[in-house]
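These are the residues of each chain, in order.
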Amino acid sequence: MPELPETTVISEDVFALAGGRRVERAEVFRPDVTNVPPGEFTERLVGRTLEGTGRRGKVIVLDFGEVVGLVHLVISGRVLRLPEWSDPDRTNTAVLQFEGIEGVDGERPVVLAFTRLWLGYFNLYAPGEEEAHPLVSRLGPDPFSREFTVEYLRGAFRRKANVKGMLLDQSVVAGLGNIYVDEVLFAAKVNPMRRASTLTEREVRDLHAATTDILSRAISLRGTTFDSYHDAFGETGRFQEELQVFTRTGEPCPVCATPIVKTRVAGRGTHYCPTCQPA
Ligand SMILES: [Zn+2]
């Protein structure tokens, strides 16, 4: 599932290919992948120009002027470039065709497929209306926003929940998922099972710094990629080579050589070094 870095890359890649282009065709495979009837999905998008793209937490924002699309890719959801128009199906659950541009790539249209959306969604809203969407309205501060400060984090951590669960909670901080939380906790030398309220000032400061540092590095390496899918956006990342603990179970800790342990915290597979991150 794409986390903040991968969502950033996908959103930028979509803009690089389709930004400034008008939608010629737009169809969904079945009604449950969007919040409007399939006919309306087509009507509201065809003729609109993709004016910008962005991100709210792990949700991709597509700005079509009078229409805003929110795309949430989960599990193995991807954005793929198709060689030509292909009707949506079980895998390519929503397909958009953008106009070709004279002098660019032989005026070939850009066809994008959004895959496996029944697990996520491609919703359409009037501008501003998307703020009421539960997944957007309940989002905590973005790690790169001015609101995400050490003081903010210290306040949010005044709870007895474990620190891993707190960092996964999108209402605490938007955009982190299982991979980056494990990496951030390792970098800050904080045990994932620690109650957030027991963290020292120094530990909160280290966690805050590790969050922005690791996410920035991951974005610059185009995110973490476990499968390489040539035609998919956000699947050319190299941060998997930089992972210190995630998927490294049994391998020596890069700092102290203790084997990395995998356990379950906050319902998720959790990787940590028992020596560097003592309970
Ligand atoms: Zn270690």
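Just so it is clear, the structure is predicted and the values come from calculations on it, not from any experiment.

### Digging into the domain arrangement of the chain
- Taken domain by domain, the chain comprises domain 1 (4–132) and domain 2 (150–272).
- Taking the mean C-alpha position of each, domain 1 and domain 2 sit 29 Å from one another.
- Each side of the interface is counted separately: domain 1 has 16 residues, and domain 2 has 19 residues.
- Both faces considered, domain 1 and domain 2 share a buried interface measuring about 1600 Å² in area, 64% of it formed by carbon and sulfur atoms.
- Looking at the side of domain 1 facing domain 2, the largest losses of area belong to Pro-5, Glu-6 and Arg-78, adding up to 35% of the total buried there.

### Things to note about the environment of Phe-15
- Inspection of the secondary structure puts Phe-15 in helix H1 (residues 4–18).
- Here the alpha-carbon distance between Phe-15 and Gly-52, two residues 37 residues apart in the chain, equals 6.6 Å.
- Excluding residues that lie within four positions of it along the chain, Phe-15 makes contacts with Gly-20, Leu-50, Glu-51, Gly-52 and Thr-53.

### A few points about the packing of aromatic side chains
- Counted by the stated rule, this structure contains four aromatic pairs.
- Seen in terms of ring centroids, Phe-41 and Phe-122 are 5.1 Å apart; in terms of plane orientation they differ by 85°. Their pairing is edge-to-face. Taken together, the residues Phe-41 in helix H2 (residues 38–45) and Phe-122 in strand S8 (residues 121–125) connect sequence positions 81 residues apart. The pair Phe-41 / Phe-122 is uniform in exposure class, with both members buried.
- Ring geometry for Tyr-180 and Phe-239: centres 5.7 Å apart, planes at 40°, overall tilted. Highlighted residues: Tyr-180 in helix H6 (residues 178–187) and Phe-239 in the loop between helix H7 (201–220) and strand S9 (261–265), separated in sequence by 59 residues.

### Concerning the pattern of salt bridges
- Counted according to the given criterion, the structure contains 19 salt bridges.
- Salt-bridge contacts for Arg-55 lead to Asp-142; the nearest nitrogen and oxygen are separated by 2.8 Å. Note that Arg-55 is positioned in strand S2 (residues 52–56) and Asp-142 in the loop between helix H3 (134–137) and helix H4 (150–156), a separation of 87 residues in sequence.
- Residues participating in the shared-partner salt-bridge network are Glu-151, Arg-154, Glu-201 and Arg-205.

### Digging into the nonpolar core
- One finds Phe-157, Val-163, Leu-167, Tyr-180 and Leu-207 to be the most contacted residues of the largest nonpolar core, which totals 32 residues.
- For this core, the secondary structure elements donating two or more residues are H4, helix H5 (163–168), H6 and H7.
- Examining the composition of this core, we find that six residues originate from one element, H7, more than from any other.
- Excluding its chain neighbours within four sequence positions, the residues that come into contact with Phe-157 are Val-163, Met-166, Leu-167, Ala-196, Ser-197, Leu-199, Val-204 and Leu-207.

### Regarding the packing of H6 against H7
- As a packed pair, H6 and H7 sit with axes 9 Å apart at the nearest point and diverge in direction by 130°. Taken together, the axes of H6 and H7 lie oblique to each other. Regarding H6 and H7, the two cross each other, and that crossing is right-handed. Facing H6, whose interface residues are Tyr-180, Glu-183, Val-184, Leu-185 and Ala-187, H7 presents Leu-207, Ala-210, Thr-211, Ile-214, Leu-215 and Ala-218.
- Across the contact of H6 with H7, the residue classes break down as nine nonpolar, one polar and one charged.

### Concerning the coordination of the zinc ion
- Note on the zinc ion: its protein donors are Cys-253 (SG), Cys-256 (SG), Cys-273 (SG) and Cys-276 (SG). The metal-donor distances range over 2.3 to 2.4 Å.
- The coordination sphere of the zinc ion comprises four donor atoms, whose angles at the metal cover 101 to 115°; the geometry is tetrahedral.
- Written as a sequence motif, the donor residues of the zinc ion are C-x2-C-x16-C-x2-C.

### Here's the deal with the UniProt feature "domain: FPG-type" (unreviewed entry) in the chain
- UniProt's entry tags residues 244–278 with the feature "domain: FPG-type" (unreviewed entry), counted in the numbering of this structure.
- Structurally, residues 244–278 comprises 0% helix and 29% strand, and the distance from its first C-alpha atom to its last is 16 Å.

The rules behind these values
- Residues numbered from 1 in each chain as written.
- Predicted model: local features only at pLDDT ≥ 70, side-chain atom pairs only at ≥ 80, totals over all residues.
- Heavy atoms only, no water.
- Domains from an automatic or database assignment.
- Contact = heavy atoms within 4.5 Å.
- Buried area = accessible area lost by both parts, 1.4 Å probe.
- Helix = DSSP H or I, 4+ residues; strand = E, 2+ residues; numbered from the N terminus.
- Phe/Tyr/Trp six-rings, centres within 6.5 Å; stacked < 30°, edge-to-face > 60°.
- Buried < 20%, exposed > 50% of the residue type's maximum accessible area, 1.4 Å probe, protein only.
- Salt bridge = Lys/Arg side-chain N within 4 Å of Asp/Glu carboxyl O.
- Core = buried A, V, L, I, M, F, W, Y, C linked by side-chain atoms within 4.5 Å.
- Axes fitted to C-alpha atoms, helices over the stretch in contact; angles between N-to-C directions.
- Parallel < 35°, antiparallel > 145°, perpendicular 65-115°, else oblique.
- Left-handed = near helix turned anticlockwise from the far one by under 90°.
- Nonpolar A, V, L, I, M, F, W, Y, C, P; charged D, E, K, R; others polar.
- Donors = N, O, S within 2.8 Å, 3.2 Å for Na, K, Ca; no water.
- Tetrahedral: all angles 85-135°; square planar, octahedral: opposite > 155°, others 65-115°.
- UniProt positions renumbered as here; feature names shortened; annotations may be inferred.

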